[in-house]
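# Examining the three-dimensional arrangement
Here are the chains, one letter per residue:
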Amino acid sequence: MHWEWAPGATIRTGPTVCVDIDGVLSDGRHRQHLVTQRPKDWPAFFRAAADDPVIDTQAHLLDQFADDRVIALVTSRPEWIRSATTRWLVDAGIRWDLLAMRPDDDGRPAPAVKKDVVAGLRAAELEPVFALDDDPRNVVAYAEVGVPCLYIHSGYH
Ligand SMILES: [Mg+2]
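Residues numbered from 1 in each chain as written. Predicted model: local features only at pLDDT ≥ 70, side-chain atom pairs only at ≥ 80, totals over all residues. Heavy atoms only, no water.

### Thoughts on the packing of aromatic side chains
Counting across every chain of the model gives four aromatic pairs. Centroid distance Trp42 to Phe45: 5.5 Å. Interplanar angle 85 degrees. Geometry classified as edge-to-face. Remark: Phe45 and Trp42 occur in helix H2 (residues 42-47); sequence separation between them is three residues, near one turn of the helix. Of the residues examined, Trp42 reaches a relative accessible area of 41% and is grouped as partly exposed. Accessibility expressed as a relative area gives 8% for Phe45, which makes it buried. A connected cluster of aromatic rings, assembled from ring pairs, spans Trp42, Phe45 and Phe46. (Phe/Tyr/Trp six-rings, centres within 6.5 Å; stacked < 30°, edge-to-face > 60°. Helix = DSSP H or I, 4+ residues; strand = E, 2+ residues; numbered from the N terminus. Buried < 20%, exposed > 50% of the residue type's maximum accessible area, 1.4 Å probe, protein only.)

The following block contains the structure:
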C-alpha cells in the first residue's frame, strides 16, 4: 500500500479520518455493470471512474471535520488510475490530504488492503480515529483494527 500527499497539502502527523472514494465521494453507478457482468471487465470499470459524478451531499461532509484532521482517502482503486483520480478530486473541489491506493499487483480483497493502510498510517504517526466506507466488509475490517467506521449506503455491495 502506498500513499501520496495531495498537491499543496501540508505534510503532517496526527488524528486522521480515513475516507473511501467509490460510493462515498464518487457515484459509480454508471459503471457497476462492468463488474456484475461475466466476465468482469475491471480495466474498463476503473477507466470509467473519471466520469463519475460527485456525490455532493457526502463529498462536502468532509468540510465538517476540524481543520487539523488529516483527511486520508483510502481506496481499493489501483495505482494505475492515480493521476486520473487526483485530477477528479481536484476538479471536484473535495477536501483531502493524502490518497492511499491499491498496488497494481495486489489482488487481495479490499478489507485486507484497508487494514494495511491503517497499519502504514500508524507507522507514520498518522492516527486513524474515524472512517467512512460504503462496503460493510470494510466497516468490519476497520473495527477489527480499532477504527470506528461509519457505513455510508451506496447500494453497490
Ligand atoms: Mg466504496
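### Some remarks on the sheet that holds strand E6 (residues 149-151)
Read across the sheet, six strands follow the order E1-E4-E3-E2-E5-E6 without closing on themselves; strand pairing throughout is mixed. Lying at the two open borders of the sheet, with one neighbouring strand each, are strand E1 (2-5) and E6. The sheet shows a mean angle of 25 degrees between the axes of neighbouring strands, direction not considered. Of the strands in this sheet, E1, strand E3 (70-78) and strand E4 (98-102) touch helix H4 (residues 82-92), which is tilted by about 145 degrees from E4. (Pairing = 2+ DSSP bridges. Axes fitted to C-alpha atoms, helices over the stretch in contact; angles between N-to-C directions. Contact = heavy atoms within 4.5 Å.)

By themselves, these figures tell us nothing about what the structure is for.
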